[in-house]
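# Structure at a glance
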Amino acid sequence: MPEQKPAAHLDARDPWVLDTRELGRRAGLSRAVDRTMAVDEPLGVPDVITVPKGAEVQVDLLLESVVEGVLVSGTATAPLVGECSRCLDPISDEVEVEVTELFAYPDSTTDETTDEDEVSRLVDDRIDLQPLVRDAVVLALPLVPLCREDCAGLCTECGVKWADLEPGHGHEKIDPRWAALVERFDGDQTGDQPNGPEEQA
Ligand SMILES: [Zn+2]
Ligand SMILES: [Zn+2]
């Protein structure tokens, strides 16, 4: 649910603000809205994954006049930048979210029976898309962004990306306290008879 500051004035020149007057409060009328708006602050988690400041968000929406207000539904698509949480490579991706939100008329039953923060409101017949789109995008961001689904990350010993390492890459490093034991174990192995398990009780 988008945050809604109590009945603030909405600036008609704000690209995120839509005027719904042409729907004329006649239930059944609808209008398609297809536009691009820039975000004025980054969305998401800085240095992990964000829709960067100034990035263009593309919305493809249907505004429908319903009895209680204006129903907004459709999709928003935004570019993402971040860092792979396994290999630290830069990520540039895109997120697409679905949005559905009722903007209630100020004098509707919905308006009277719900709290300000429960349902969005029309303000002077205008809709502010920004809280709606911002909340939907932020919720859709990956908590653990990856450059690719199966990113193998980094070798914990040398910090090189597994993708850049030879197959079979490894580091021979044995704690000196165990080294003697390992040697003995290796010795036992080579001393094994090839015919089945040992029977040393
Ligand atoms: Zn990665
Ligand atoms: Zn390594």
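What this report covers is the structure whose coordinates are included nearby. Every value quoted in this text rests on a predicted model; they were computed, and no experiment measured them.

### So, the overall build of the chain
Tallying secondary structure elements over the chain gives 3 helices and 9 strands in all. Secondary structure of the chain in N-to-C order comes out as β-β-β-β-β-β-β-α-β-β-α-α. Here the chain holds 201 residues, and the buried ones make up 21% of them. Summarising the internal contacts of the chain: among those between residues at least 6 apart in sequence, 59% fall at separations of at least 24.

### A short note on the environment of leucine 63
You can see leucine 63 is positioned in strand S5 (residues 56-66). C-alpha of leucine 63 to C-alpha of phenylalanine 103: the two residues are 40 residues apart in sequence and 10.0 Å apart in space. Setting aside chain neighbours within four positions, we find leucine 63 in contact with Leu18, Thr20, Leu23, Ser30, Arg31, Val33, Val70 and Val72.

### Some details on helix H2 (residues 129-140)
Look at H2: 17 Å from first C-alpha to last across 12 residues, which is about the 16 Å you get at 1.5 Å a residue. For H2, the full list of buried residues reads Leu129, Leu132, Val133, Arg134, Ala136 and Val137.

### As for the pairing of S5
Every second residue of S5 is oriented toward a common face, the buried set being Val57, Val59, Leu61, Leu63 and Ser65 and the non-buried set Glu56, Gln58, Asp60, Leu62, Glu64 and Val66. Two strands pair when backbone bridges link them, and strand S2 (residues 30-38) and S5 are joined in this way by 9 bridges, in the antiparallel orientation. Bridging across to S5, methionine 37 finds its partner in valine 57. Two strands pair when backbone bridges link them, and S5 and strand S6 (residues 69-83) are joined in this way by 9 bridges, in the antiparallel orientation. Counted as the bridge partner of glutamate 64 is leucine 71 from S6. Here S5 folds back onto S6 in antiparallel fashion, the turn holding 2 residues.

How each quantity is defined
- Residues numbered from 1 in each chain as written.
- Chains lettered and ligands numbered in written order.
- Predicted model: local features only at pLDDT ≥ 70, side-chain atom pairs only at ≥ 80, totals over all residues.
- Helix = DSSP H or I, 4+ residues; strand = E, 2+ residues; numbered from the N terminus.
- Buried ≥ 20, exposed ≤ 12 C-beta atoms within 10 Å, placed from the backbone.
- Contact = placed C-beta atoms within 7 Å.
- Expected span 1.5 Å × (residues − 1).
- Pairing = 2+ DSSP bridges.

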